Amino acid sequence: MATQAVHKEQPLLSVQDLKIRIQMENGVMNAVDGVDFNIYKGKTLGLVGESGCGKSLTSRSIISINPKECETSGTITYNSDSELALHGMNLLSLKPTGKQIRSIRGRKISMIFQEPMTAFSPMYTIGNQIMEAIRIHQTKNKKEAKKIALEMLSKVGISDQAKRFDQYPHEFSGGMRQRAMISMALSCNPEILIADEPTTALDVTIQAQVLELMKSLQAEFGMAILLVTHDLGIIAEMCDEVAVMYLGRIVEQAPMREIFNNPKHPYTKGLLKSMPRLGGNKSKRLDSIEGSVPMPINMPPMCGFYDRCKDRIEGVCNQQAVPKTAISDQHMVRCFLYTDQREGEAQ
Ligand SMILES: Nc1ncnc2c1ncn2[C@@H]1O[C@H](COP(=O)(O)OP(=O)(O)O)[C@@H](O)[C@H]1O
Ligand code: SF4
Ligand SMILES: [Mg+2]
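Residues numbered from 1 in each chain as written. Chains lettered and ligands numbered in written order. Predicted model: local features only at pLDDT ≥ 70, side-chain atom pairs only at ≥ 80, totals over all residues. Heavy atoms only, no water.

J.: With reference to specific residues and values, describe the overall build of the protein chain.
T.: In terms of helices and strands, the protein chain carries 10 helices and 12 strands. Computed over C-alpha atoms, the radius of gyration of the protein chain comes to 21 Å, within 12% of the 20 Å expected from 2.2 N^0.38 for 347 residues, which places it in the range of a compact globule. In the protein chain, the share of contacts with a sequence separation of at least 24, taken over all contacts with a separation of at least 6, comes to 64%. Within the structure as shown, the protein chain displays about 16,800 Å² of accessible surface, and the carbon and sulfur contribution to it stands at 49%. The average position of the 41 basic charges and that of the 38 acidic charges among the side chains of the protein chain differ by 5 Å. (Helix = DSSP H or I, 4+ residues; strand = E, 2+ residues; numbered from the N terminus. Rg over C-alpha atoms; globule rule 2.2 N^0.38 Å. Contact = heavy atoms within 4.5 Å. Areas by Shrake-Rupley, 256 points an atom, 1.4 Å probe, with all protein chains shown as cover. Lys, Arg positive; Asp, Glu negative; His and termini not counted. Charge placed at Lys NZ, Arg CZ, Asp CG, Glu CD.)

Okay, structure coming up:
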């Protein structure tokens, strides 16, 4: 079964059958329900979907930083050649507070968030916090760590670094804080950068600058990026491959161009229709997908998009779990329109 474009090399990180359940007062929520994807060196995989689809839980589980109430299963295999002790090991089997995952988290696999204040403490200067991260993971030498920190601040386009180094997070603008967070995340030269809505809180000009910055740092350091976003414009700009997520599942996955030129899943089509176009008619109301993402509590086996889908087939889509279909060896979709279960109708 193809779930991702054909790659000759081994994935740097492989997520298989990831499930995250949360016990709620009114039942069990299957917030992530059997997610598979691979991340490759030097490539960017986009994880896209509306708010509440399970993108953050999925990406945070890679470095085991989900809250305690999340019951996680599946395998996340990290195939780093520089971490031979952990090569091929299931990261989910490691203790979330243990030494082994801490040796990877923030060093080999770094994460940046929508809100940089979650990464920085308001109590210490930006410079000290970046330097501390470097001292924990890279070099104990204070002078050397400061030199690396100043270089990283310069790399992310922060001028007057010596002055900025001694400032507190609240003295930075939103865009500058985001840059500083990226410099902290990249200061240990990670193999994988997980970016969860990294530019959502920024205005469009700063957003474009931060995305450019991520691209140029990727070209320089060759890191793999998992880019989590609800914004298909960012996907088009940044990604090699795309996984479209809905209600805890990946419903379509393909190379970026294939997703835009040949979308199959009604949800992907809906997302594309609701995407603003450059030079488009501004007075025309954008088509948005009607309804909102439901809470996946005590869900029977059926298509999670059923209630919102204009193409739904009663008695089929609401009666059984939706299997994956390989449209090609690079393109996977999870929808009954593409299986042979749709009796008597053309595909
Ligand atoms: N700690 C939690 N307790 C209960 N529900 C949660 C918790 N964290 C996330 N959720 C729920 O899990 C679903 C997926 O969340 P999340 O991964 O944050 O979605 P996304 O990042 O795609 O917006 C949502 O319905 C959200 O409300
Ligand atoms: S499986 Fe059925 S309800 Fe779900 S997206 Fe496809 S057509 Fe729509
Ligand atoms: Mg999120």
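J.: Explain the domain arrangement of the protein chain to me, and be specific about the residues and the numbers.
T.: Note: interface size is frequently given as the accessible area lost on complex formation between the parts. Each assigned domain of the protein chain is listed with its residue range as follows: domain 1 (1-108 + 192-198 + 219-277 + 286-298) and domain 2 (300-326 + 335-347). Distance from the C-alpha centre of domain 1 to the C-alpha centre of domain 2: 23 Å. With 20 residues of domain 1 in contact, the opposing surface of domain 2 contributes 12 residues. Linking Glu-50 and Arg-308 is a salt bridge whose minimum nitrogen-to-oxygen distance equals 3.0 Å. Taken together, the links from domain 1 to domain 2 amount to 7 residue pairs in polar contact (both at pLDDT 80 or more). Ranked by residue count, the leading element in the side of domain 1 that touches domain 2 is helix H10 (residues 266-273), at 3 residues. Here the residues of the side of domain 1 that touches domain 2 sort into 9 nonpolar, 5 polar and 6 charged. (Domains from an automatic or database assignment. Salt bridge = Lys/Arg side-chain N within 4 Å of Asp/Glu carboxyl O. Polar contact = N/O pair within 3.5 Å; in protein donor to acceptor, adjacent residues only side chain to side chain. Nonpolar A, V, L, I, M, F, W, Y, C, P; charged D, E, K, R; others polar.)

J.: Outline helix H4 (residues 142-155), supporting the account with residue identities and numerical values.
T.: Across its 14 residues, H4 extends 20 Å between first and last C-alpha, which sits within 8% of the 20 Å expected from 1.5 Å per residue. For H4, the full list of buried residues reads Ala-145, Ile-148, Ala-149, Met-152 and Leu-153. In an axial view of H4, the angular spread of the buried residues amounts to 140 degrees, which keeps them on one side of the axis. Along H4, exposed side chains directed more than 90 degrees from the buried face belong to Lys-143 and Lys-147. Looking at the buried residues of H4, the elements they touch are helix H3 (126-137), helix H5 (161-165) and helix H6 (174-186). Capping the start of H4 is the job of one residue whose side-chain oxygen sits 2.9 Å from the backbone nitrogen of Lys-143: Asn-141. Within two residues after H4, Gly-157 carries a phi angle of roughly 85 degrees, on the positive side. (Expected span 1.5 Å × (residues − 1). Buried < 20%, exposed > 50% of the residue type's maximum accessible area, 1.4 Å probe, protein only. Arc of directions from axis to C-beta.)

J.: Hey, could you go over the site of ligand 1 for me, with residue numbers and the actual values?
T.: Close to ligand 1 lie 15 residues; Gly-52, Lys-55, Ser-56, Leu-57 and Glu-69 are nearest. Within the backbone of Gly-54, an N or O atom sits 3.0 Å from an oxygen atom of ligand 1. A distance of 2.8 Å separates an oxygen atom of ligand 1 from a polar atom in the side chain of Ser-56. When ligand 1 sits alone it has 560 Å² of accessible area, and the protein chains cover 72% of it. (Near = heavy atom within 4 Å.)

J.: Requested: an account of the sheet that holds strand S5 (residues 89-90), with residues and values cited.
T.: Ordered by their spatial adjacency, 4 strands build an open sheet running S2-S1-S4-S5, and the pairing between neighbours is antiparallel. With one partner strand each, in any of the chains shown, strand S2 (27-39) and S5 form the two edges of the open sheet. With 8 bridges joining them, strand S1 (residues 13-24) and strand S4 (residues 70-78) adopt antiparallel strand pairing. Bridged to Arg-21 within S4 is Glu-71. (Pairing = 2+ DSSP bridges.)

J.: So what's going on with the packing of H3 against H6? Which residues, and what values?
T.: Between H3 and H6, whose axes approach to 9 Å, the crossing angle comes to 20 degrees. In this view, H3 runs roughly parallel relative to H6, as classed from their interaxial angle. Where H3 crosses over H6, the handedness of that crossing is right-handed. Of the residues in H6, those touching H3 at Ile-126, Gln-129, Ile-130 and Ala-133 are Ala-180, Ser-183 and Met-184. Residues belonging to the contact of H3 with H6 are distributed by class as follows: 5 nonpolar, 2 polar and no charged. (Axes fitted to C-alpha atoms, helices over the stretch in contact; angles between N-to-C directions. Parallel < 35°, antiparallel > 145°, perpendicular 65-115°, else oblique. Left-handed = near helix turned anticlockwise from the far one by under 90°.)

J.: Could you give me a rundown of the pattern of salt bridges, with the residues and numbers involved?
T.: Summed over the entire model, instances satisfying the criterion amount to 10 salt bridges. Connected through shared salt-bridge partners, Glu-212, Lys-215 and Glu-237 make up one network.

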